[in-house]
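# Structural overview for review
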There are 2 protein chains.
Amino acid sequence: MDRHREISSTVVRWGVVFLTGVGVALAPRPEGIARESWHLLAIFLATIAGLIAQPMPGGAMVLLGVLALAVTGTMPVGEALAGYADPIVWLVLAAFFFARGMIKTGLGRRIAFLFIRAVGRHSLGLGYALAATDMVLAMIIPSNGARCGGILFPIARSLAEAYDSRPGDSARRLGAFLMVLVYQCEVIVCAMFLTGQASNPLIAKFAEQVAGISLSYARWAVGAIVPGVLSFALIPVLVYRLFPPEQRRTPEAATFAEVELKRLGPMSRQEKVMLLVFLVVAALWMTMSWHGIHYAVIALLGIALLLLGGVLSWEDIISERGAWDVFLWYGGLVRMGGALGETDLTRRFAEVAAAVTAGWSWWGALLVLALIYFYAHYGFASITAHVTAMYIPFLVVVLAAGAPAPLAVHALAYLSNVMAGLTHYGTTPAPIYFGAGYVAQTVWWRLGVIASWVNLAIWLGIGAVWWKALGWW
Amino acid sequence: MDRHREISSTVVRWGVVFLTGVGVALAPRPEGIARESWHLLAIFLATIAGLIAQPMPGGAMVLLGVLALAVTGTMPVGEALAGYADPIVWLVLAAFFFARGMIKTGLGRRIAFLFIRAVGRHSLGLGYALAATDMVLAMIIPSNGARCGGILFPIARSLAEAYDSRPGDSARRLGAFLMVLVYQCEVIVCAMFLTGQASNPLIAKFAEQVAGISLSYARWAVGAIVPGVLSFALIPVLVYRLFPPEQRRTPEAATFAEVELKRLGPMSRQEKVMLLVFLVVAALWMTMSWHGIHYAVIALLGIALLLLGGVLSWEDIISERGAWDVFLWYGGLVRMGGALGETDLTRRFAEVAAAVTAGWSWWGALLVLALIYFYAHYGFASITAHVTAMYIPFLVVVLAAGAPAPLAVHALAYLSNVMAGLTHYGTTPAPIYFGAGYVAQTVWWRLGVIASWVNLAIWLGIGAVWWKALGWW
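Predicted model only: the values in this text are computed from it and were never measured.

### Here's the deal with the packing of helix α11 (residues 217–242) of chain B against helix α23 (residues 441–469) of chain B
Relative orientation and spacing of two packed helices are given, respectively, by the angle between their axes and the distance between those axes. Residue and element names in this part refer to chain B. Following both chains from N to C, one finds α11 and α23 inclined at 150°, their axes separated by 9 Å at the closest point. Taken together, the axis directions place α11 and α23 in an arrangement best described as roughly antiparallel. Viewed along their axes, α11 and α23 form a crossing whose handedness is right-handed. Taken together, the residues of the contact of α11 with α23 sort by class into 19 nonpolar, five polar and no charged.

In structure tokens, the structure reads:
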């Protein structure tokens, strides 16, 4: 029976993918749109449908999409594969190696324990300590899975277990609170840096393509700092009020951190090299407008230093499964999304959108569309899939309605991250923190939607004021 | 003391790399050569020096080379990374997944055991059986490491051990003979197919670039079939004469194969899918001139079928370390070699070479340069490194001397493979077969050089006659 259900579920999933692709391909092609553009759209939408329905893992779906591009002659194979040489894909690939170095040398744990020792004597402080670690790491590690899943999660769980808080009766003692708090802060951290999360560089690419605005590392961080710090300060308090831990004072956490720091001992040579690479890479990214060295070159330089400094071995590089998984699906999606943005479809869509939105006030259009964009994330299991599918068309419509370009670009960019707080599958770390089993799904969703109201008020309200002050609109 | 020696050895290795790079970069740049071309040459030669001296694993050296291209502004980073989107790199990547499928389903072993059961009752037949398996697999698996190391080597060793032949006193009983025979046949098999070995598609790319000759899968195989079959038939007999096993009759090998085939049982569904993919991919490659589908598309199609047919899981793809190792170094080298071929350096070098070789007979030039090219392989630990460094310049000189292009292209292409038989480090499987410990180095080299004379006579002598008959010169 179960086997039967599983098979029919797989058939339904594949059905969704094929119907999407074939449906679009056979639908009447609008006048003035080239056949290749239309096929590209069909394959792209089928791939996105595949990422949502998941008849196979995401990476396999994307690889099938790339194959479809080449087999149907929509692109020469060299073009279809071009995403794998795209510098932003390599930037994300590099993230996994930085994260590996952080884990291997223990530097990530050391940073977390230093924060915990400093402010971890109270459960709220403990939450801030973990989230602050995430924020520091987000300055150079644009893989939230590696950062928040690989480095922070084991620490958060150990802390909960140190207070005998486990899934079940003791969940509310500490663990449930920490899981919700760290995850809700994580999506804010993602929004704060160009390197907060893998699809931020992709957003930057789209923004450049559609609106000619260059979202540099520095510009992204400047726009995010006021709303980001506010959200980061308020959301933990909100969680503490709505979903308090039974254990309010946590002196043992500080002691635990103390013990762990003793156990780590003084920094090893490799750990120092890791710290140096961290500082060099972050500094070079921050100062790109002065020296003009490309992100990806800086990232490769970081990897080279880790290899030369003996922090990573070649074996670490080639056996980093997660890196190659992301490389495969991200490279394909970046290419498809990019190619779609270059077709006549975007221009045509902008014309139609302009006709529809004629007479709307731009701020009304921006507000309504931003909310639709945001809550549409209930339907996505990955920020990248959502951004690839929706960022360009929504930006185009908002711009067509007359919204100032920098405002629209930044608002949609930041919301693309914060929206992931809605569900337990919104972005990579979500299933990890939810899956630990401390929190029921209804609770997770209820807290997610309440946090989303606060975040929207901060990012669209105070954020808009801040961007006005910066002269961006 | 040893630690001391190790450090100074590392310093010497790095010294070779840096002196090569800096030396060339600072050397007076010939008139008419752009600064970028010259820097490209310096970085390329330093990378090749790194592949030979190996202060770090090859992949790391290539990644440093790619970084150097970008940091020095020799190329924009997107161009420096372009090799990772090159279809031939993906063809080689696909090879590892085909090999994984062959291993996982047991089809590779089944093919070997079928051959052994048929002709394995005598030690010479046993050798042919193993080599024939290699030849069949080479039709679609352009990774000789995966094929000859991953699939064949465990069988060869089991057979030797079945006759209690182990490194040491009993080595000559059977094991030593099998190791030498299989390896010497392996380099011939490499030469027989465009997919025989990873750098063959690279050679095809260079041949197209320099001489405008398109070395398709079919054309490569047609040119190789007469000398290839001859070498393949004679070399085992030669090894049998010069280095006979003590155990001449091996009825137990056939029994062993019979038992193993029973144990494998009837073909599983996955194994059938693997066989089907094998046949489809080989057939599509063979018939490219009819349908025009690109190699890499066919390779991707094969992977897609393996994924859809449940032969490979996504986990198999992302955790295939060897695949990602080769991807990283091959992608970088392909790009550097290709870019170098496009610069003004090649044209200039051809002019100089033409002036030097003026008055030589073309066949004398071809013969002498082919021999130098061949025996230079004593200095290389990889066919790819050798080909990348020397194929283009040697081809240019031979063409400048007036040799017919198809003859020169094919002769150098085939020799690029056969030359790997000289040493115990000539190509990936060499250290595996040698490293099994059955054969002393002096013996390995002596047999290698004798086999090289026979191979040269066959490929340059009878080969030339065959290519004349084909109308290629």
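### As for the nonpolar core
Ranked by size, the top nonpolar core spans 375 residues in total, and within it A:W285, A:Y391, B:W285 and B:Y391 carry the most contacts. If we ignore the near neighbours within four places in the chain, the residues touching A:W285 are A:L91, A:F98, A:M139, A:I140, A:T195, A:Y217, A:Y295, A:I298 and A:A299.

### With respect to helix α3 (residues 58–71) of chain B
Residue and element names in this part refer to chain B. Taking 1.5 Å per residue, 14 residues should reach 20 Å; α3 reaches 20 Å between its end C-alpha atoms and fits that length. Most of α3 is tucked away: 12 of the 14 residues are buried. Among the residues making up α3, those that are buried are G58, G59, A60, M61, V62, L63, L64, G65, V66, L67, L69 and A70. Of the residues trailing α3, G73 is marked for its positive phi of about 75°.

### A short note on the packing of aromatic side chains
The description of an aromatic ring pair uses the distance of the two centres, along with the angle that the planes make with each other. Counted under the stated rule, the structure contains 50 aromatic pairs over all chains. For the ring pair A:F97 and A:W324, a centre distance of 6.4 Å and an interplane angle of 55° mean the geometry is tilted. With A:F97 in helix α5 (residues 87–105) and A:W324 in helix α17 (residues 321–342), this pair connects stretches of sequence that are 227 residues apart. Given the relative accessible area of 4%, A:F97 is considered buried. According to the relative accessible area criterion, A:W324 is buried, its value standing at 0%. Both rings, one in B:W362 and one in B:W473, keep their centres 5.9 Å apart while their planes meet at 80°; by these two values the pair is edge-to-face. Placement of B:W362 in helix α19 (residues 362–375) and of B:W473 in the segment after α23 is noted, with a sequence separation of 111 residues between them. Under the relative-accessibility criterion, B:W362 is labelled partly exposed at 25%. On the basis of relative accessible area, B:W473 is assigned to the partly exposed category, the value being 33%.

### Some thoughts on the domain arrangement of chain A
Residues and elements named next belong to chain A. Here chain A is partitioned into domain 1 (1–75) and domain 2 (81–473). Taking only C-alpha atoms into account, the centre of domain 1 sits 28 Å from that of domain 2. Facing 22 residues of domain 1, the contacting portion of domain 2 comprises 21 residues. Across the interface of domain 1 and domain 2, roughly 1700 Å² is buried in total on both sides, 80% from carbon and sulfur atoms. The largest share of the area that domain 1 buries against domain 2 comes from L40, F44 and V62, three residues that together contribute 27% of it.

### Let's talk about the packing of helix α7 (residues 123–138) of chain B against helix α9 (residues 175–192) of chain B
All names here are of chain B. Following both chains from N to C, one finds α7 and α9 inclined at 30°, their axes separated by 9 Å at the closest point. Between α7 and α9, the angle falls in the class roughly parallel. Read as a crossing pair, α7 and α9 show a hand that is right-handed. Facing S123, L124, L126, G127, Y128, L130, A131, D134, M135 and A138 of α7, the residues of α9 in contact are F177, L178, L181, V182, C185, E186, V189 and M192. Counted by class, the contact of α7 with α9 contains 14 nonpolar, two polar and two charged residues.

### Topic: the relation of the copies chain B and chain A
Note on the copies: chain B fits chain A at an RMSD of 0.0 Å, the axial shift is 0.0 Å, and the rotation between them is 180°. Taken together, the turn and the small shift mark the pair as related by a two-fold rotation axis. Looking at chain B, 100% of its interface residues are interface residues in chain A too, so the copies touch through the same face.

The rules we used
Residues numbered from 1 in each chain as written. Chains lettered and ligands numbered in written order. Predicted model: local features only at pLDDT ≥ 70, side-chain atom pairs only at ≥ 80, totals over all residues. Heavy atoms only, no water. Axes fitted to C-alpha atoms, helices over the stretch in contact; angles between N-to-C directions. Helix = DSSP H or I, 4+ residues; strand = E, 2+ residues; numbered from the N terminus. Parallel < 35°, antiparallel > 145°, perpendicular 65-115°, else oblique. Left-handed = near helix turned anticlockwise from the far one by under 90°. Nonpolar A, V, L, I, M, F, W, Y, C, P; charged D, E, K, R; others polar. Core = buried A, V, L, I, M, F, W, Y, C linked by side-chain atoms within 4.5 Å. Buried < 20%, exposed > 50% of the residue type's maximum accessible area, 1.4 Å probe, protein only. Contact = heavy atoms within 4.5 Å. Expected span 1.5 Å × (residues − 1). Phe/Tyr/Trp six-rings, centres within 6.5 Å; stacked < 30°, edge-to-face > 60°. Domains from an automatic or database assignment. Buried area = accessible area lost by both parts, 1.4 Å probe. Least-squares fit on C-alpha atoms with pLDDT ≥ 70 in both.

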